[in-house]
Amino acid sequence: MDLVSFHQNVLRLPAPWYVERVECFADAKRVDVWIKHRESRFRCPECMGEYAAHDHLPERTWRHLDTCGYQTFLHARLPRVKCAPDGKVTAWVPFATPQTSVTEEMECRCIMAMRECTMQGAESLAGVSVRKLERIRSLAVERGLGRREEQPLPGIGIDQKQVFARHKYFTVICDRKARSVYDVIDSRKTEAVSPRFEENKAFLHDVETAAMDMSAGHASVIGGCLPNAAVCFDKFHVVQIMNKAVDATRKEEQKSLPDARRKLMFGSRYCFLYARESLPAKYRDKFDEVAALATRTSRAWAIKEALRDALSLALPDFEPAFKKWHWWATHSRLEAVRKAAKTLKSHLHGIMNAVEYGVTNALAEGLNSKIEAIKRAACGYRSKSRFRIAILFHCGKLDLMPKLTT
Ligand SMILES: [Zn+2]
């Protein structure tokens, strides 16, 4: 079998495409394959209408999967068709998308490599430069977002994520049922989040629960765009507010202690922030020591733990438990705790929704650590848009692969 027939066989090009000639450079470990087409009709990629070739573009080159360790390049002149609605456009071809310099099979290989390792790892595995890989990744995400079926979205989560120093935040919207990232908005401000919801209003109208942080002010956006969705302030975000109050109480108390006792308080911050049952062994002695010393802080801590207990109850028991807790917190003579109790009381409806629908923070937390891992793997991102694409690529559960036709 000669080289042309060999490549004709392995490339499995559908008619009217065929291999015209092949050149093999043993020293460079490279194979160049020129492909051509017979007289035929071609599809317009926009309307899929069939037309005769109008003219041809200059020759282009695509990187293909290696042949026996030889880098393989395909060369072809793509036909253009003239179609009434779309004008002169490059015809649809079965082996590559016009926006990339690799064939579809190579694109699949690159996507698989990028899924498994860092960009540098994928570069050495697939033999395609990071710059080209980034282009492939962004096209794959675009393709996946376009394909995402408009299935009902019963529950969403809205979370803020600090992506760069100096208060640069993303708002991450997740699909709670699919356990995936649904969208990433390049800001945490309500003015940026609101239009995105407004745009997808028709699509989001089935959302039943929206879990979020109560400080972000997204509740008003949900109220305006998704009138059927119950706003939920989940346990994680609720306890976070009380944790801040405990920490503020500790700082204040620490300042007021005499020097000798203040020194004993050093390094006690995390003792009070852990949940009772998950306090690591290394903090246990320290905790007992400082709890006896800082009575105001340990009272704040006990109030925080009581709130956690109340949050683990079912709805009918939660309401009276919260009332009791609220009375304790507001009569604790601890300013930070009193303030936190006031905030929680004013958001009680959303907290009760979370208890009723059993909305937890597990998903948001899981995705958060995944996003952190993506950031670490890339040694930080300098471009927000690239980071957004990476999050959707890894956490979006999108259908990313090109549909192979050869
Ligand atoms: Zn057309």
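A short tour of the structure in this document, coming up. Here the structure is a predicted model, which is why all the values come from computation and not from measurement.

1. Topic: the overall build of the chain
Along its length, the chain carries 16 helices and 14 strands. A globule of 406 residues ought to have a C-alpha radius of gyration of about 22 Å, yet the chain, at 29 Å, is considerably larger. In terms of principal-axis extent, the alpha carbons of the chain reach across some 90 × 50 × 35 Å. Of all intrachain contacts in the chain linking residues separated by at least 6 positions in sequence, the fraction that spans at least 24 positions is 57%.

2. Brief notes about unusual backbone geometry
For the bond from Ala15 to Pro16, the omega torsion is 5 degrees, close enough to zero to count as cis. On the secondary structure map, Pro16 appears in the loop between helix 1 (3–11) and strand 1 (17–25). Backbone geometry places Lys29, a non-glycine residue, at a positive phi of 50 degrees. Structurally, the position occupied by Lys29 is in the loop between strand 1 and strand 2 (30–37). Judged by the 13 C-beta atoms lying within 10 Å of it, Lys29 falls in the partly exposed class. With a phi angle near 60 degrees, Met48 is a residue other than glycine that sits in the positive phi range. For Met48, the position within the fold is in the loop between strand 3 (41–43) and strand 4 (50–52). Met48 sits in the exposed class, given 9 other C-beta atoms within 10 Å.

3. A few points about helix 11 (residues 295–311)
The terminal C-alpha atoms of helix 11, which comprises 17 residues, lie 24 Å apart, in line with the 24 Å expected from a rise of 1.5 Å per residue. Buried within helix 11 are the following residues: Thr297, Ser298, Ala300, Trp301, Ile303, Lys304, Leu307 and Ala310.

4. Quick word on the packing of helix 2 (residues 104–116) against helix 4 (residues 130–147)
Relative orientation of the contacting elements helix 2 and helix 4 amounts to 95 degrees, with a least axis distance of 10 Å. Here helix 4 runs roughly perpendicular to helix 2, going by the angle between their axes. Residues Glu107, Cys110, Ile111 and Met114 of helix 2 form the contact with helix 4, whose participating residues are Leu133, Ile136, Arg137 and Ala140. Split by residue class, the contact of helix 2 with helix 4 holds six nonpolar, no polar and two charged.

5. With respect to the sheet that holds strand 6 (residues 60–67)
Sheet architecture is open: four strands sit in the order 1-2-7-6, paired in mixed fashion. Pairing within the sheet leaves two strands with one partner each, and these edge strands are strand 1 and strand 6. Taking each pair of neighbouring strands and ignoring which way they run, the sheet shows an average axis angle of 25 degrees. Here strand 2 pairs with strand 7 (residues 70–76) via five bridges, running parallel. Residue pairing across strands places Asp32 opposite Phe73, the latter belonging to strand 7. Contacting strand 1 and strand 2, helix 1 crosses the sheet at an angle of about 120 degrees to strand 1.

Reading guide: rules and limits
Residues numbered from 1 in each chain as written. Predicted model: local features only at pLDDT ≥ 70, side-chain atom pairs only at ≥ 80, totals over all residues. Helix = DSSP H or I, 4+ residues; strand = E, 2+ residues; numbered from the N terminus. Rg over C-alpha atoms; globule rule 2.2 N^0.38 Å. Contact = placed C-beta atoms within 7 Å. Buried ≥ 20, exposed ≤ 12 C-beta atoms within 10 Å, placed from the backbone. Expected span 1.5 Å × (residues − 1). Axes fitted to C-alpha atoms, helices over the stretch in contact; angles between N-to-C directions. Parallel < 35°, antiparallel > 145°, perpendicular 65-115°, else oblique. Nonpolar A, V, L, I, M, F, W, Y, C, P; charged D, E, K, R; others polar. Pairing = 2+ DSSP bridges.

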